[in-house]
Amino acid sequence: MGGTVASAAGILIGSGLLGFRRKEEMEGASIVIKKVDLMAEVKKYRKIDSHAHFGLAGATNLSNLNYADRLGIDRLVISKPMAPGSKGLPEEFRACNDAIISAVKQYPDRFFGQLTLNPTYRTESFEEIKRCVDHGFTGMKLYNHVKINSPLFYPIIEKFIDLKMIILMHSPIGKARIKYNPREPLNISIPEDFVDIAKRYPEAMFQFAHTAGGIDWEDACKALQHSPNVYVDLSGSNNIANMVEFALRYIGEDRLLFGCDSSFYQGVGHLISAKMTEAQRKKIFFENYNNILRKIGKHVD
Amino acid sequence: MLIDSNAYIGHWPFLQLKYNNFPALSERMEEFGTDISLVSSLNGIFYKNTQFANEELYGEIRSKRAYQDRFIPFAVINPIYNGWQGDFETSITKLGMKGIRLHPIYHGYELDNPACIELVKMTRDRGLPIALSLRMVDTRPSSWLDVEKEWSLASVMPIIRAVPDAKFMILNLANSVVLDEKDTSLLRKSNVIMDTSGRNVLDLGGLLKTYGTEKFCFGTHSPVLDYCTGLLRIESLRNDEADENTKDMLRAGNLRRFLGM
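In this text the structure is predicted, and so the values were computed from the model without any measurement.

Enquirer: Is there a simple way to think about the sheet that holds strand 4 (residues 75-76) of chain B in this case?
Expert: In any sheet, the strands associate via hydrogen bonds between backbone groups, in a parallel or an antiparallel arrangement. All names here are of chain B. Taken in spatial order, the 6 strands of this open sheet run 4-5-6-7-8-9, and their pairing is parallel. Because the sheet does not close on itself, it has two edges, and the strands there are strand 4 and strand 9 (216-217). In the sheet, strand 6 (residues 129-133) pairs with strand 7 (residues 167-171) via 5 bridges, with the strands oriented parallel. Residue Ala131 lies in a different strand from strand 7, and its bridge partner there is Met169.

Enquirer: Mind showing me how you'd approach the packing of helix 2 (residues 61-71) of chain A against helix 9 (residues 264-273) of chain A here?
Expert: In a packed pair of helices, the relevant descriptors are the angle between the two axes and the axis-to-axis distance. Residues and elements named next belong to chain A. Two elements in contact, helix 2 and helix 9, have axes separated by 10 Å at closest approach and are oriented at 25°. In terms of orientation, helix 2 and helix 9 fall into the roughly parallel class. The interaxial crossing formed by helix 2 with helix 9 has right-handed handedness. Between helix 2 and helix 9, the contacting residues are Asn64, Tyr67, Arg70 and Leu71 on the first element and Phe264, Tyr265 and Val268 on the second. Classifying every residue of the contact of helix 2 with helix 9 gives 5 nonpolar, 1 polar and 1 charged.

Enquirer: In this structure, what is going on with the environment of Ile9(B)? I would like to understand it.
Expert: Residues and elements named next belong to chain B. Considering the arrangement of structural elements, one finds Ile9 in strand 1 (residues 3-9). Overall, Ile9 belongs to the buried group, its relative accessible area being 8%. A sequence separation of 187 residues divides Ile9 from Thr196, and the C-alpha atoms of the two residues are 19 Å apart. Beyond its immediate stretch of four places on either side in the chain, Ile9 contacts Asn20, Asn21, Phe22, Leu25, Val39, Ser40, Ser41, Leu42, Asn43, Leu57 and Glu60.

Enquirer: How do you make sense of unusual backbone geometry when you look at a structure like this?
Expert: Residues apart from glycine generally show negative phi values, whereas peptide bonds are mostly found in trans. With an omega dihedral of 10°, the bond running from Ser222(B) to Pro223(B) counts as a cis peptide bond. One non-glycine residue with positive phi stands out, namely Ser262(A), at about 75°. With respect to the helices, strands and loops of the structure, Ser262(A) is situated in the loop between strand 12 (256-257) and helix 9. A relative accessible area of 24% means that Ser262(A) is categorised as partly exposed. Despite not being glycine, His221(B) has its phi angle at roughly 60°, a positive value. As for its placement among the helices and strands, His221(B) is situated in the loop between strand 9 and helix 11 (229-235). Its relative accessible area of 0% is what places His221(B) among the buried residues.

Basis of the calculations
Residues numbered from 1 in each chain as written. Chains lettered and ligands numbered in written order. Predicted model: local features only at pLDDT ≥ 70, side-chain atom pairs only at ≥ 80, totals over all residues. Heavy atoms only, no water. Pairing = 2+ DSSP bridges. Helix = DSSP H or I, 4+ residues; strand = E, 2+ residues; numbered from the N terminus. Axes fitted to C-alpha atoms, helices over the stretch in contact; angles between N-to-C directions. Parallel < 35°, antiparallel > 145°, perpendicular 65-115°, else oblique. Left-handed = near helix turned anticlockwise from the far one by under 90°. Contact = heavy atoms within 4.5 Å. Nonpolar A, V, L, I, M, F, W, Y, C, P; charged D, E, K, R; others polar. Buried < 20%, exposed > 50% of the residue type's maximum accessible area, 1.4 Å probe, protein only.

This is how it looks when you write it as structure tokens:
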């Protein structure tokens, strides 16, 4: 934590409360514990949630904003991915994007929209990029229908280089037992795929999704350490201690992004808990993503 | 006052932990304003003879006077390992343990095992709590040598049904917290307290309504999980979800009452 959050109201303990000690052992053992105003610490950081969703696990605009307001999250980058195992037809990705268009229209000061598509349908995908960019979208979120380093994606990635927009790609769970979780489809993008495509397109910006989403995060960070155009978001439900510090060591403070992926408490909590400098925390919570948005003039003042 | 109901010292074989000894844990407690932590030994999960872990914990607590004020130790007991009755007795009467921790998934028994029920009854008879964690780590990214099983809240109901007058701590609510009507009613009536560290404490305000405000308390599951998130779930409650008095009960009051402090 930042380290300057102590306020008044210290509490004396040492009254033999725990029943271990003899009376003569207790002399001089009192400790003053300072009460901490955690919410003041949380709210002093501006925040852009780089990985948010509409429609997943019942998430609505209002539920997202409820968590965001509670935890001092200024903006959320939202998308609606196509359903797992779906065919990823054009009508499906258009419907997902319609939901985001509507959300951004309703809350333009809170949401940044990300489109989704399926590069198997090239013409329809390009039409969708144009439609969504015209609606002010700022990036793209992809799921597991096609691998990120598939040649099908090459023209899409080239388009996004021109647009100067980031490409957020889902990542798998598992690797606990050497291999990825058996429920993952063949086309899931693994860290090595990100390394491959980032090398092919060094001008592109990629975002590796959710280190806390159930993947072997140590393995993933080590794979991505030498890919300077891959940002890594720290979202997900697995708020295991030291993940953030580990990511700082291997990915560095300029490529890490705050995110929740609907796990709002963990997303904020593990960043507040992590040992880092004030400047690093500001970068990760806000500045790094804001600099990505700055490239297209959509940054937050 | 702030009391962490769910902390550990010791090692995890598949992951480097920090803040897993008393000096480091004390530092974290001071950073976040935690006065007291209930603590057990992670080593007790992995030692076949869990009593060595309990003795280590006792030795650590005795090593510095301040630790005796700040840490409440719980013994890890394995009721399917010979000598457990003696370990229990020694832990309670000589090592100052104020409750027990069970790890059935790691120690290889079910909660309806007769020996487990016997241990829970013995603990009940001493007026002490029995602590259970729905999982220790997220099994998805853990090691190929780790267990694959995790519990939901419903998984612990058999032991509450078997010994309904015992005191239970249910920790790290990582998976479903939904119970059927009958079990919801039983849980509400039972002497049960649950901590705020688990990922499925998505809507603490709603859980307070469902199970009762007295049923929850602050917990970190540290050093396995980050130190802050369990506290954030309490501190970010809105006034219409929990007033300041209720928050104080969640920070420490409920646990003090539960433990008879």
